[in-house]
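# Commentary on secondary and tertiary structure
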Amino acid sequence: MRLSPKPFMSTEELAGLLDVDPSTIRRWRTVPPLQGPPFIQISDRVVKYATADVERWLAARRVYPKAA
């Protein structure tokens with residue numbers, strides 16, 4: 001699964017990809033228990049997400065329903 005041609009994405013780009021509000025992404029990384037994909041804290045105001053980390057995080061959450 002290749003989500004983006006860019007190696008890194010912003011909080012807003014990740015939120016758009018997941019169809020959630022950017023505040024949700026911010027909450028995932030700041031309110032215990034921490035959730036969401038791994039992130040890189042560039043500075044106090046700049047956070048980036050490696051596309052490869054987001055892809056692995058999503059793949060780990062995939063649910064395969066059992067066949068009936």
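As a starting point, this report considers the structure included with it.

### Quick notes on the pattern of salt bridges
Per the stated rule, a full pass over the model turns up three salt bridges. For the salt bridge of Lys6 with Glu13, the shortest nitrogen-to-oxygen distance reads 2.5 Å. Overall, the relative accessible area of 37% leaves Lys6 in the partly exposed class. With a closest N to O distance of 3.0 Å, Glu12 and Arg26 form a salt bridge. A residue pair is termed long-range when its members are at least 10 positions apart, and Glu12 in helix α1 (residues 11–18) and Arg26 in helix α2 (residues 22–30) qualify at 14 residues. Note on Glu12: relative accessible area 44%, which makes it partly exposed.

### Notes on the side chain of Thr11
Residue placement: Thr11 occurs in helix α1. Setting aside residues no more than four positions away along its own chain, Thr11 makes contact with Pro22, Ile25, Arg26, Arg29, Val47 and Tyr49.

### Regarding the nonpolar core
Judged by nonpolar contacts, Met9, Leu14, Ala15, Ile25, Trp28, Val47, Tyr49, Val54 and Trp57 together constitute the single largest core of nine residues. Residue assignment for this core shows that the elements contributing at least two residues are α1, α2, β3 (47–50) and α3 (51–60). With residues near it in sequence (within four places) discarded, Ile25 still touches Thr11, Leu14, Ala15, Leu18, Val20 and Tyr49.

### Here's the deal with the packing of α1 against α2
Where α1 meets α2, the axes come as close as 8 Å, and the angle between the chain directions of the two elements is 110°. Put simply, α1 runs roughly perpendicular to α2. Pair α1 / α2 crosses with right-handed handedness. Touching Thr11, Glu12, Leu14, Ala15 and Leu18 of α1 are Pro22, Ile25, Arg26, Trp28 and Arg29, all from α2. Of the residues that constitute the contact of α1 with α2, the class distribution is six nonpolar, one polar and three charged.

### Side note on the pairing of β3
Of the pairings in the sheet, the one linking strand β1 (residues 8–10) to β3 comprises three bridges and is antiparallel in character. From the neighbouring strand, Phe8 faces β3, where its bridge partner is Ala50. Here strand β2 (residues 40–41) runs beside β3; their pairing, made up of two bridges, is antiparallel. Counterpart to Gln41 in the pairing with β3 is Val47. Between β2 and the antiparallel strand that follows it, β3, lie five residues.

Here is what the cut-offs are and how they apply
Residues numbered from 1 in each chain as written. Predicted model: local features only at pLDDT ≥ 70, side-chain atom pairs only at ≥ 80, totals over all residues. Heavy atoms only, no water. Salt bridge = Lys/Arg side-chain N within 4 Å of Asp/Glu carboxyl O. Buried < 20%, exposed > 50% of the residue type's maximum accessible area, 1.4 Å probe, protein only. Helix = DSSP H or I, 4+ residues; strand = E, 2+ residues; numbered from the N terminus. Contact = heavy atoms within 4.5 Å. Core = buried A, V, L, I, M, F, W, Y, C linked by side-chain atoms within 4.5 Å. Axes fitted to C-alpha atoms, helices over the stretch in contact; angles between N-to-C directions. Parallel < 35°, antiparallel > 145°, perpendicular 65-115°, else oblique. Left-handed = near helix turned anticlockwise from the far one by under 90°. Nonpolar A, V, L, I, M, F, W, Y, C, P; charged D, E, K, R; others polar. Pairing = 2+ DSSP bridges.

In short, shape yes, function no, at least from these values alone.
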